[in-house]
Amino acid sequence: MIQKHKRTVFLGDSITEGYGVARGMCWVDALPGESINHGISGDTTAGMLRRFTAHVLREKPDYVVIMGGINDLSEGRSLQSVQENLRAMYERAEMSGITVIPAVCVMPDFAMLLENDWAEFYPGIQSLPEKLHDLADWIRAYAVENQLLCLDFAQYFPKYTVDEYYRYFFDGVHPNERGHAIMSDIAKRLLYGNTEI
């Protein structure tokens with residue numbers, strides 16, 4: 001569990017940044033302690049790795065939560081390349097004395113996602129469901145093998161969305177304010193031990 005007075009960096013893409021929701025409504029914003037949001041919309045795990053020194057190591061955090069991969073896979077990059085980039089970031093953090101918390105992204109509503117005009121321009125979009133599930137399994141296995149806490153949004157998010165999954169997104173991939181509120185609640189419970197899920 002994260003100690004609330006410690007410093008935590010959240011490294012990721014648009015879902016970490018809070019794309020599409022008002023300032024202060026992102027899931028990271030509602031977390032206790034010193035939370036530093038280094039999510040960048042559109043970023044890939046390769047981009048996250050390139051900025052790892054600037055946005056993680058120089059911040060000197062106690063913890064880093066790393067969540068990414070959906071943009072890589074949508075753009076047609078291989079699952080193996082995503083795994084290699086994530087592993088490199090996990091290992092760099094560990095070697096620097098930073099506690100790593102791998103995160104599994106919320107699964108998109110794929111039917112809603114495919115309705116977007118821009119979906120056809122992403123070469124990996126049709127294989128995205130299978131590859132995201134494979135990536136999630138790999139992240140979970142890495143966390144277990146290395147005895148790390150895993151922030152698994154994909155596992156717990158559906159438990160909150162029994163009144164139609166799509167209602168918690170505004171385009172099928174980016175959570176809306178209701179979705180971010182759920183993510184915040186999951187993070188509080190898993191990372192800070194507020195209550196049982």
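Above this text you will find the structure in question.
Reading the values: rules and limits
- Residues numbered from 1 in each chain as written.
- Predicted model: local features only at pLDDT ≥ 70, side-chain atom pairs only at ≥ 80, totals over all residues.
- Heavy atoms only, no water.
- Helix = DSSP H or I, 4+ residues; strand = E, 2+ residues; numbered from the N terminus.
- Expected span 1.5 Å × (residues − 1).
- Buried < 20%, exposed > 50% of the residue type's maximum accessible area, 1.4 Å probe, protein only.
- Polar contact = N/O pair within 3.5 Å; in protein donor to acceptor, adjacent residues only side chain to side chain.
- Phe/Tyr/Trp six-rings, centres within 6.5 Å; stacked < 30°, edge-to-face > 60°.
- Core = buried A, V, L, I, M, F, W, Y, C linked by side-chain atoms within 4.5 Å.
- Contact = heavy atoms within 4.5 Å.
- Salt bridge = Lys/Arg side-chain N within 4 Å of Asp/Glu carboxyl O.
- Pairing = 2+ DSSP bridges.

Caption draft 1: Representation of helix H9 (residues 177-192). The end-to-end C-alpha distance of H9 is 21 Å, a good match for the 22 Å that 16 residues give at a rise of 1.5 Å each. Residues Gly179, His180, Ile182, Met183, Ser184, Ile186, Ala187, Leu190, Leu191 and Tyr192 constitute the buried set of H9. Structurally, the start of H9 carries an N-cap: the backbone nitrogen of Arg178 is 3.1 Å from a side-chain oxygen of Asn176.

Caption draft 2: Molecular detail of the packing of aromatic side chains. Within the structure shown, the criterion is met by 11 aromatic pairs. Pairing Tyr19 with Phe170 gives two aromatic rings, centres 6.0 Å apart and planes at 40°, and the pair type is tilted. With a gap of 151 residues between them, Tyr19 in the loop between helix H1 (14-17) and strand S2 (34-39) and Phe170 in the loop between helix H8 (153-156) and H9 connect regions that are remote in the sequence. Overall, the relative accessible area of 42% leaves Tyr19 in the partly exposed class. The exposure class of Phe170 is partly exposed, given its relative accessible area of 35%. Residues Trp138 and Tyr142 carry aromatic rings whose centres are separated by 5.7 Å and whose planes lie at 35° to one another, so their mutual orientation is tilted. Placement of both Trp138 and Tyr142 in helix H7 (residues 128-145) is noted, with a separation of 4 residues, approximately one turn of the helix. Cluster of aromatic residues (ring-pair linked, three or more members): Phe157, Tyr165, Tyr168 and Phe169.

Caption draft 3: Layout of the nonpolar core. In terms of nonpolar packing, the biggest core is built from 36 residues, with Val64, Ile66 and Leu86 touching the most fellow members. Mapped by element, the contributors of at least two residues to this core are strand S1 (7-12), strand S3 (63-66), helix H4 (70-74), helix H5 (79-95), strand S4 (99-104), helix H6 (110-114) and H7. Looking at which element gives the most residues to this core, the answer is H7, with 8 residues. Ignoring anything within four residues of it in the chain, the contact list for Ile66 reads Leu11, Met48, Phe52, Leu86, Met89, Tyr90, Val100, Ile101, Pro102 and Ala103. One finds Val28, Phe157, Ile182 and Met183 within the second-largest nonpolar core, a separate group that totals 28 residues.

Caption draft 4: Expanded view of H7. Its 18 residues place the ends of H7 25 Å apart at the C-alpha level, agreeing with the 26 Å of an ideal helix rising 1.5 Å per residue. On its buried face, H7 is in contact with H4, H5, S4 and H6. Just beyond H7, the residue with positive phi is Gln147, at close to 55°.

Caption draft 5: Fine view of the pattern of salt bridges. Tallied over the entire structure, the rule returns 8 salt bridges. Close ionic contact of Arg140 with Asp137 constitutes a salt bridge, the shortest N to O distance being 3.2 Å. Within this pair, Arg140 and its partner Asp137 are both found in helix H7, separated by 3 residues, close to a single helical turn. The partner of Asp163 in a salt bridge is Arg178, and the shortest N-O contact between them spans 3.2 Å. Of this pair, Asp163 sits in the loop between H8 and H9 while Arg178 sits in helix H9, and the two are 15 residues apart along the sequence. Overall, the relative accessible area of 40% leaves Arg178 in the partly exposed class. Connected via shared salt-bridge partners are Arg7, Glu34 and Glu59.

Caption draft 6: Quick peek at the sheet that holds S4. Taken in spatial order, the 5 strands make up an open sheet running S2-S1-S3-S4-S5, and their pairing is parallel. Looking at strand neighbours, the two that pair on one side only are S2 and strand S5 (151-152), the edges of this open sheet. Here S1 pairs with S2 via 6 bridges, running parallel. The residue of S2 that forms the bridge with Phe10 is Asn37.

All we've got here are geometric facts, nothing functional implied.
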